[in-house]
Structure formats: structure tokens, C-alpha cells
Amino acid sequence: MTFRKKLGFIALLSMILVLGACGKTGLRNSSGQTSKVVTKKAAKDLKLGVSISTTNNPYFVAMKDGIVKHANDKKLSLKVADAQDDTARQADDIQNFISQNVDAILINPVDSKAVVSAIKSANNANIPVILIDRGSEGGQVLTTVASDNVAAGKMAAAYIVKTRGQQAKTFELSGVPGASATVDRGKGFKTVAQTKLSVLSSQSANFDRAKALNTAQNMIQGNKAVAAIFAQNDEMALGAAQAVKSAGLKDVLIVGIDGQPDAHDAIKKGDLSATIAQQPAKMGEIAIQAAIDHYQGKKVAKKTISPIYLVTKDNVDQYNW
């Protein structure tokens, strides 16, 4: 083969490789390497799958509503699945989205470790993954949209210290074991509480109001001298408030996280003392926009932090969902 023919062959081979790369979408190619080439698509041409951990919690309902509203505004196709706090069900839902060859999958994980396998399956299928509210312990993710849950836990503990004083006797109600929100909120709370509060008991109530009612009742039976209760979400805080009322206790400070409407009403009535308000609907909107930006060739930040606010009786009307 002459030198000129060799050059022509090399040029032809290069064109084939480039054209092949241009057919790729998402984050990974078949060898598992990161692909920087994205086939551009208009928002109206996108098909997205959304896996929500549960719609039994108003917080995640607000998140879903934010996702649906922004998707409708942008006229893109959307399929939403409710995992009902079941890791196996969530894995099946994600696998269904992969089989349907969606353009991206938005996941609000039930469990940050259990979801890794499903994320890797999406990676292998070259489908971008966007996480909402909770992170994962592995797999490749386009972006994670969440509040700073460590900061929220710290903020709650600091409020208890400020309001009830150093070494106030405190209960902690934690969320679903293994969820990143549970881990991070607990970590932030402990950072302050381990030196400035007296934590009498810390137990899981799975982010559930009814479970929190039963758990808090048992905790109170063990020690009625409790001065404050920190619940890692508002649903548990509201359950704890019921338990406190049932026990006839007075002046127990109760702090939750989320900022849901029921919590705002309870703060106005004096049943709850405070909540650390998040913006779940805004998180959903940001996640949808991240998928759109990705397919328009725009750079998407690896993490988007949604702001949080301490809500008390003094400012309860300022931070509604």
C-alpha cells in the first residue's frame, strides 16, 4: 500500500470512529468510559423516567408535583413510578425505564446503597441518571439535586441548644436506615448534640408519622423528663407531637425537617416548635431542567444545593412550598 493510500485509509477510519461516537447519548459508552459526546435533543423530544421513593409522604408528593409541572411546561414525555419505600420495587421500576430506552432517569432513592446496582445498569445502557434529595453510594450520576442535610441536622440541634440550653435532655427520631438523608441529618445533629445536648435515646421511625407516634410513646414511657425531640422529618415530628400530647407533657420542644404544610399549621398552633424547611418542588424542577440542559449540550454541575431555612412561629408564613 502506498503512503498516499495509507493516509486515505487512516482518514476514512477516523471518520467512521467519529460518526460512531456521534450516535452515542448519555454518559457512558459500551466499554464503561465516560462519553463527552451527547446527541442534542429538544425538550419536547425527551422521554424521562422518574422513580419516587414513596408518595405516602407529602414531601415527596410535592417533589413529584414539581417534576410533573416543569415537565408539562417544557412539553416533554414523563413516566412516574412510586417505589412505595421498597428497594426491590424501585430496582424493577428503574429496569423498566431502561427497557423502554428513556433518555434519562430521575431517581429519589429509597436506599442509597441498594440503588447502586440499578444506577450501574442505567450506566451500562448509556442512560444518564439524576438523583433527587438523596445520594447514592456508587454508580455514575449526572447530578444530585439535594439540600445540605448535614447542615439541616446541625441547624436543628443548634436551635434546641439555643432554646432549651446546654445538655437539654433530647430524643432523636431517625429516618429510613441506609437513606443518605438519614445518615447526613443524623451526622449533622450529632456534630452539635454530642457535646451540647444530652441525647437520651435515638431510634428509627422510618420517616413515618404512625411509627413515630408509637416509637415516641415508648421513648417517653422510658423517660418523661425529655425537654426536646428532634425528628429527621416533619412526618415523624408530627407523630412525636401526638405522643407528647397523649402523655400530657408540657413545654417539650419538637423540631422537624422538610417544611411541609402540616408542619407549618402545627407550628402556628404551637404543637411543633420549628422545622428546617426544604423546597422539594424546586428540587424536582431543577432535576428536570438538568436533563434538558444535558441534551442541549450545556454543562451540568455534579451537585446542586437547594437552600434550607429555619422556620418558627416568627416566620412561619415566609417559607411555604
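Residues take numbers from 1 onward in each chain, read along the sequence in its written order. In keeping with the predicted nature of the model, local features appear solely for residues at pLDDT of at least 70, side-chain atom pairs appear and are counted solely at 80 or more, and the whole-chain, interface and lining totals rest on all residues. Heavy atoms throughout the structure, all of them, feed into the side-chain values; hydrogens and water do not.

Draft legend 1. How the structure looks around the overall build of the protein chain. Counting from the N terminus, the helices are the DSSP runs of H or I reaching at least four residues and the strands are the DSSP runs of E reaching at least two. Helix and strand content of the protein chain: 10 helices and 12 strands. In this analysis, two residues are considered to be in contact whenever any of their non-hydrogen atoms come within 4.5 Å of each other. Counted over contacts in the protein chain with a minimum sequence separation of 6, partners at least 24 positions apart contribute 73%. The Shrake-Rupley method, run with a 1.4 Å probe sphere, supplies the accessible areas, and residue values consider only the shown protein chains as cover. Taken as a whole, the protein chain presents about 14,900 Å² of accessible surface, with 51% of it coming from carbon and sulfur.

Draft legend 2. Representation of helix H5 (residues 149–164) in the model. Given the number of residues in a helix, its expected span is that number minus one, multiplied by 1.5 Å. Its 16 residues place the ends of H5 22 Å apart at the C-alpha level, agreeing with the 22 Å of an ideal helix rising 1.5 Å per residue. Between the side-chain oxygen at the start of H5 and the backbone nitrogen of Val 150 there is a gap of 3.2 Å, and the oxygen is on Asp 148. Of the residues one or two after H5, Gly 165 is the one with positive phi, at around 90°. Counting of polar contacts relies on pairs of N or O atoms within 3.5 Å, with two restrictions inside protein: one atom must be capable of donating a hydrogen and the other of accepting it, and residues adjacent in sequence are counted only when both atoms are side-chain atoms.

Draft legend 3. Seen up close, the side chain of Asp 293. When you line up the elements, Asp 293 lands in helix H10 (residues 280–294). Whether a residue is buried, partly exposed or exposed follows from its accessible area with a 1.4 Å probe, protein chains only, as a fraction of its type maximum: under 20%, in between, or over 50%, in that order. Positive charges come from Lys and Arg alone, negative charges from Asp and Glu alone, with His and the N- and C-terminal ends not counted. Only one rule defines a salt bridge in this text: a Lys or Arg side-chain nitrogen within 4 Å of an Asp or Glu carboxyl oxygen. Despite its burial, Asp 293 remains without a salt bridge, the nearest opposite charge being carried by Lys 298 at 4.0 Å. With residues up to four places along the chain from it excluded, the contact list for Asp 293 reads Lys 298 and Val 300.

Draft legend 4. Expanded view of the packing of helix H3 (residues 87–99) against helix H4 (residues 116–124). Where H3 meets H4, the axes come as close as 9 Å, and the angle between the chain directions of the two elements is 5°. As judged from the angle between their axes, H3 and H4 are roughly parallel. Residues Ala 91, Ile 94, Gln 95 and Ile 98 of H3 form the contact with H4, whose own contacting residues are Ala 118, Ser 121 and Ala 122. Here the contact of H3 with H4 is built from residues that sort into 5 nonpolar, 2 polar and no charged. Note on geometry: axes are lines fitted to C-alpha atoms, helical ones only across the stretch in contact, with angles between N-to-C directions running from 0 to 180 degrees. Working definition: roughly parallel below 35 degrees, roughly antiparallel above 145 degrees, roughly perpendicular at 65 to 115 degrees, and oblique for all remaining angles. Under the scheme applied here, ten amino acids are nonpolar (Ala, Val, Leu, Ile, Met, Phe, Trp, Tyr, Cys and Pro), four are charged (Asp, Glu, Lys and Arg), and all others, including Gly, are polar.

Draft legend 5. Quick look at the nonpolar core. The biggest cluster of nonpolar side chains holds 32 residues, and the ones touching the most others in it are Leu 173, Ile 229, Met 236, Val 244, Ile 254 and Leu 272. Listing elements by their share of this core, those giving two or more residues are strand S6 (168–174), helix H7 (209–222), strand S8 (228–231), helix H8 (234–246) and helix H9 (261–269). Ile 229 has contacts with Phe 171, Leu 173, Ala 240, Val 244, Val 252, Leu 253, Ile 254 and Val 255, leaving out every residue within four places of it along the chain. We define a nonpolar core as any set of buried Ala, Val, Leu, Ile, Met, Phe, Trp, Tyr and Cys residues linked to one another through side-chain atoms lying within 4.5 Å.

Draft legend 6. Looking closely at the packing of aromatic side chains. Pairing of aromatic side chains here covers Phe, Tyr and the six-membered ring of Trp, requires ring centres within 6.5 Å, and sorts the geometry by plane angle: under 30 degrees stacked, over 60 edge-to-face, intermediate tilted. Scanning the model with the defined rule gives 3 aromatic pairs in all. Centroid distance Phe 189 to Phe 230: 4.5 Å. Interplanar angle 20°. Geometry classified as stacked. One end of the pair, Phe 189, is in helix H6 (residues 180–196); the other, Phe 230, is in strand S8, with 41 residues separating them in the sequence. Phe 230 carries the same exposure label as Phe 189, and that label is buried.

Draft legend 7. Summary view of the environment of Val 61. Mapping Val 61 onto the fold places it in helix H2 (residues 58–74). Classification of Val 61 as partly exposed rests on a relative accessible area of 28%. Placed 219 residues apart in sequence, Val 61 and Pro 280 show a C-alpha to C-alpha distance of 8.7 Å.

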